[in-house]
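An overview of the molecular structure
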Amino acid sequence: MSGILLLVLRLAMALALYAFLGWAVLTLWRDIKRQSELMAARRIPGIRLVQEVDTERKSYEFTVPELVIGRDQTCDLILDEKTVSTEHARLTYHHGNWWVEDLHSTNGTLLNLELLSTSAVLTSGDELQLGQVMLRIEISGNTNASSGVDS
């Protein structure tokens, strides 16, 4: 009799163990699915850089999380101006804000007429000066489109 009871207890323990493991895997799967849905819903707000040259207005719009501005052909925004370094500044979106940092440019990067020495948060209406080029920053609402350039 004790042998049958011991077998039943072992089977019950094995069944309980498998039930617990199944519940744990199901809970983890649901949590991962929920987190991936939250990450998919998170969007980067678009940023527009407006340059006014004489009477002409150029508008550059981006929705990528990082962009480099400079004269080099590999830059996301190419500014054909001799006072702009090959890789002058980097704009990145992280921690819910757009940030700007100078990439050790020759003529420096100014944010609202103040020389950047560290990364700084950008807001709509800020003026970014790279060499002799002045860009006005406009940050739009959330969007999910790809990057582009409008002239």
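Residues numbered from 1 in each chain as written. Predicted model: local features only at pLDDT ≥ 70, side-chain atom pairs only at ≥ 80, totals over all residues. Heavy atoms only, no water.

Each helix and strand counted, the protein has 1 helix and 12 strands in total. Reading the protein from its N end, one meets helices and strands in the order α-β-β-β-β-β-β-β-β-β-β-β-β. At 27 Å, the protein has a C-alpha radius of gyration far larger than the 15 Å of a compact globule built from 151 residues. Expressed as lengths along the three principal axes of its C-alpha atoms, the size of the protein is roughly 100 × 25 × 25 Å. Counting across all 151 residues of the protein, residues that qualify as buried make up 28%. Here the contacts in the protein between residues at least 6 apart in sequence split such that 41% fall between residues at least 24 apart. Charge separation in the protein, taken as the distance between the mean sites of 13 positive and 19 negative side-chain charges, equals 14 Å. (Helix = DSSP H or I, 4+ residues; strand = E, 2+ residues; numbered from the N terminus. Rg over C-alpha atoms; globule rule 2.2 N^0.38 Å. Buried < 20%, exposed > 50% of the residue type's maximum accessible area, 1.4 Å probe, protein only. Contact = heavy atoms within 4.5 Å. Lys, Arg positive; Asp, Glu negative; His and termini not counted. Charge placed at Lys NZ, Arg CZ, Asp CG, Glu CD.)

Moving on, we come to the confidence of the model for the protein. Looking at the protein, pLDDT values average 89 and 91% of them are 70 or higher. With pLDDT under 50 throughout, residues 142–147 is counted as low confidence; its partners more than four residues away or in other chains account for 14 contacts. (pLDDT = per-residue confidence, 0-100.)

Looking now at the sheet that holds strand E9 (residues 120–122). The strand order E4-E3-E5-E6-E9 describes an open sheet built from 5 strands, whose pairing is mixed. In the strand order of this sheet, the two ends are held by strand E4 (77–78) and E9, each with one partner. The sheet contact formed by strand E5 (residues 89–94) and strand E6 (residues 97–102) spans 6 bridges and is antiparallel. Counted as the bridge partner of Ala89 is Asp102 from E6. (Pairing = 2+ DSSP bridges.)

What follows covers the packing of aromatic side chains. Tallying each qualifying case throughout the model produces 2 aromatic pairs. Taking the centre distance of 6.0 Å and the plane angle of 35° together, the rings of Phe20 and Trp23 count as tilted. With Phe20 and Trp23 both in helix H1 (residues 2–41) and 3 residues apart, this pair spans about one turn of that helix. On the numbers, 5.5 Å between centres and 55° between planes, the contact of Tyr93 with Trp98 is tilted. Judged by its relative accessible area of 2%, Trp98 falls in the buried class. (Phe/Tyr/Trp six-rings, centres within 6.5 Å; stacked < 30°, edge-to-face > 60°.)

Once that is clear, we can look at the nonpolar core. One finds Ile47, Leu49, Ile69, Leu91, Val100 and Leu135 to be the most contacted residues of the largest nonpolar core, which totals 22 residues. Those elements that provide at least two residues to this core are strand E1 (44–53), strand E2 (56–62), strand E3 (66–70), E5, E6, E9, strand E10 (127–130) and strand E11 (133–143). The element contributing the most residues to this core is E11, with 3 residues. If sequence neighbours within four positions are ignored, Ile47 has contacts with Tyr60, Glu61, Phe62, Leu67, Leu91, Trp98, Leu122, Ile137, Glu138 and Ile139. (Core = buried A, V, L, I, M, F, W, Y, C linked by side-chain atoms within 4.5 Å.)

Attention shifts here to the pattern of salt bridges. Using the criterion set out here, one finds 8 salt bridges in the structure. Put simply, Asp31 and Arg34 hold a salt bridge, and the shortest N to O gap is 3.5 Å. On the criterion of helical spacing, the pair formed by Asp31 and Arg34 is a turn pair, its members being 3 residues apart in helix H1. According to the relative accessible area criterion, Arg34 is partly exposed, its value standing at 47%. (Salt bridge = Lys/Arg side-chain N within 4 Å of Asp/Glu carboxyl O.)

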